[in-house]
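Overview (structure and organization)
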Amino acid sequence: MVTVDKWQLVAVCMLVATLLCPILKRGISGMACKQNWSFLGQTDAQNLDLELFNEYQYSLDQLVELAGLAVATSVSKSYPKRGPVLVVCGPGNNGADGLVAARHLVQFGYQPNIVYPKQPTKDPYPRLLHQARGMKIPVGTELPSDLSSYVCILDAVFGFSFKGSIRPPFDTIIPSLASSPVPVASIDVPSGWNVESGPGEGAALHPDVLISLTAPKLCSKEFKGRLHWLGGRFVPPDIRNKYNLTLPDYPDTDQVVLLKD
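Thoughts on the pairing of strand β4 (residues 152-156)
Among the five residues that make up β4, five are buried, leaving the element largely enclosed by the rest of the structure. Across the two faces of β4 the burial is the same, with C152, L154 and A156 and I153 and D155 all buried. The pairing of strand β1 (residues 84-89) with β4 spans five bridges and is classified as parallel. Pairing of V87 across the sheet is with L154, part of β4.

Given below as structure tokens:
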């Protein structure tokens, strides 16, 4: 019988802890270990965005390209079976993220279709739409009557700036998404939710997947879906410190990290 004194046992335990520490820090298979991550309210989310534009000189094109790539990556990890994806875009920056994500989804082997009811004429939205059309992505203004053929629906309608009531035509589009049996992946904030308190009364949208950007918003505490991703591997350290953001490390070279499964 082999005997092991307590100091040998301590040494073995320390070695095991050293080997496991990087895995536990990142999480297994790209999932962050569960802990108390930071959440942003509406005002802080808006101010953080303004600092990225003004203080750090990011352009809107840069941010939506990075965000759109993170969104497309999250969709591909959440729905690995390639097929048609319906991308429903709003008139603001969430819609811009959706346009970019659709373009990347083509490169990932999916067949996106874009629904874009309100198409802004100010830069960069027309260019983003032109780029999507250049990838031979069909673009329409009305929700298809039959959604059953889609692998998933990407909700890119409203983001963290949304306030008030839902206006036409989205007042009929969002309830249709909510009642559809096709799983929905929402960008940053499920459309129609209050960015801080979450879903209101009635036929609220309850997505299967949530893709937070930069940092999770307060409303994501109310998310009950299957997977919660975080994208936004571009936040400067000074901003993280200023807003006291406790965020997970991204695994390897990944653009997204899984917060909840």
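What follows continues from the structure just given.
A word on the pattern of salt bridges
Considering all chains together, one arrives at six salt bridges under this definition. Residues E51 and K242 are paired through a salt bridge, measuring 2.7 Å at the closest nitrogen-oxygen approach. Within this pair, whereas E51 is found in helix α2 (residues 42-54), its partner K242 is found in helix α7 (residues 237-242), the two being separated by 191 residues in sequence. Residue classification places K242 among the exposed residues on the basis of a relative accessible area of 54%. Two residues, R127 and D61, come together in a salt bridge whose shortest N-O distance is 2.9 Å. Highlighted residues: R127 in helix α5 (residues 125-134) and D61 in helix α3 (residues 60-78), separated in sequence by 66 residues. By sharing partners, the salt bridges in this structure join D61, D123 and R127 into a single network.

Some points on helix α4 (residues 93-107)
With 15 residues, α4 should cover 21 Å at 1.5 Å per step; its first-to-last C-alpha distance of 22 Å lies within 8% of that length. In terms of burial, α4 is largely enclosed, as 12 of its 15 residues are buried. Listing the buried residues of α4 in full gives N94, G95, A96, D97, G98, L99, V100, A101, A102, R103, H104 and L105. G109 occupies a position one or two residues after α4 and carries a positive phi of about 100 degrees.

What to know about the packing of α3 against α4
In the contact formed by α3 and α4, the axes pass within 7 Å of each other and the chain directions differ by 55 degrees. When the interaxial angle is binned, α3 and α4 end up oblique. Note on packing geometry: the crossing formed by α3 with α4 is right-handed. Two secondary-structure elements touch here, α3 through L60, V64, E65, A67, G68, L69, V71, A72 and V75 and α4 through N93, A96, D97, V100, A101, R103, H104 and L105. For the contact of α3 with α4, the residue count by class is 11 nonpolar, three polar and three charged.

A short note on the packing of aromatic side chains
Per the stated rule, a full pass over the model turns up three aromatic pairs. Ring geometry for F158 versus F162: centroids 4.7 Å apart, planes at 25 degrees, classification stacked. The class for F158 is buried, based on a relative accessible area of 14%. On the accessibility criterion, F162 (14% relative accessible area) is buried.

Quick look at the pairing of β1
The buried count for β1 comes to five of six residues, which makes it a mostly enclosed element. Where β1 lies against strand β2 (residues 111-115), five bridges are found, and the strand directions are parallel. Across the sheet, L86 pairs through a bridge with N113, a residue of β2.

Considering the side chain of T214
Within the secondary structure, T214 sits in the loop between β6 (209-213) and β7 (227-231). We classify T214 as buried; its relative accessible area is 8%. Discounting residues that sit within four places of it in the chain, T214 has contacts with L48, L230, G231, G232, F234, V235 and L247.

Notes on the confidence of the model for the protein
Per-residue pLDDT for the protein has a mean of 89; in total, 85% of the residues score no lower than 70. Note that residues 10-29 has pLDDT below 50 and, in this model, 11 contacts with residues that lie over four places away or in other chains.

Some remarks on unusual backbone geometry
Cis rather than trans, the peptide bond between D123 and P124 has omega equal to 10 degrees. Structurally, P124 is set in the loop between β2 and α5. The omega torsion of the bond from P168 to P169 falls at 0 degrees, within 30 degrees of zero and hence cis. Examined against the element boundaries, P169 turns out to sit in the loop between β4 and α6 (170-179). Residues other than glycine seldom take positive phi values, yet K136 does so here, at roughly 65 degrees.

Thresholds, definitions, all that
- Residues numbered from 1 in each chain as written.
- Predicted model: local features only at pLDDT ≥ 70, side-chain atom pairs only at ≥ 80, totals over all residues.
- Heavy atoms only, no water.
- Buried < 20%, exposed > 50% of the residue type's maximum accessible area, 1.4 Å probe, protein only.
- Helix = DSSP H or I, 4+ residues; strand = E, 2+ residues; numbered from the N terminus.
- Pairing = 2+ DSSP bridges.
- Salt bridge = Lys/Arg side-chain N within 4 Å of Asp/Glu carboxyl O.
- Expected span 1.5 Å × (residues − 1).
- Axes fitted to C-alpha atoms, helices over the stretch in contact; angles between N-to-C directions.
- Parallel < 35°, antiparallel > 145°, perpendicular 65-115°, else oblique.
- Left-handed = near helix turned anticlockwise from the far one by under 90°.
- Contact = heavy atoms within 4.5 Å.
- Nonpolar A, V, L, I, M, F, W, Y, C, P; charged D, E, K, R; others polar.
- Phe/Tyr/Trp six-rings, centres within 6.5 Å; stacked < 30°, edge-to-face > 60°.
- pLDDT = per-residue confidence, 0-100.

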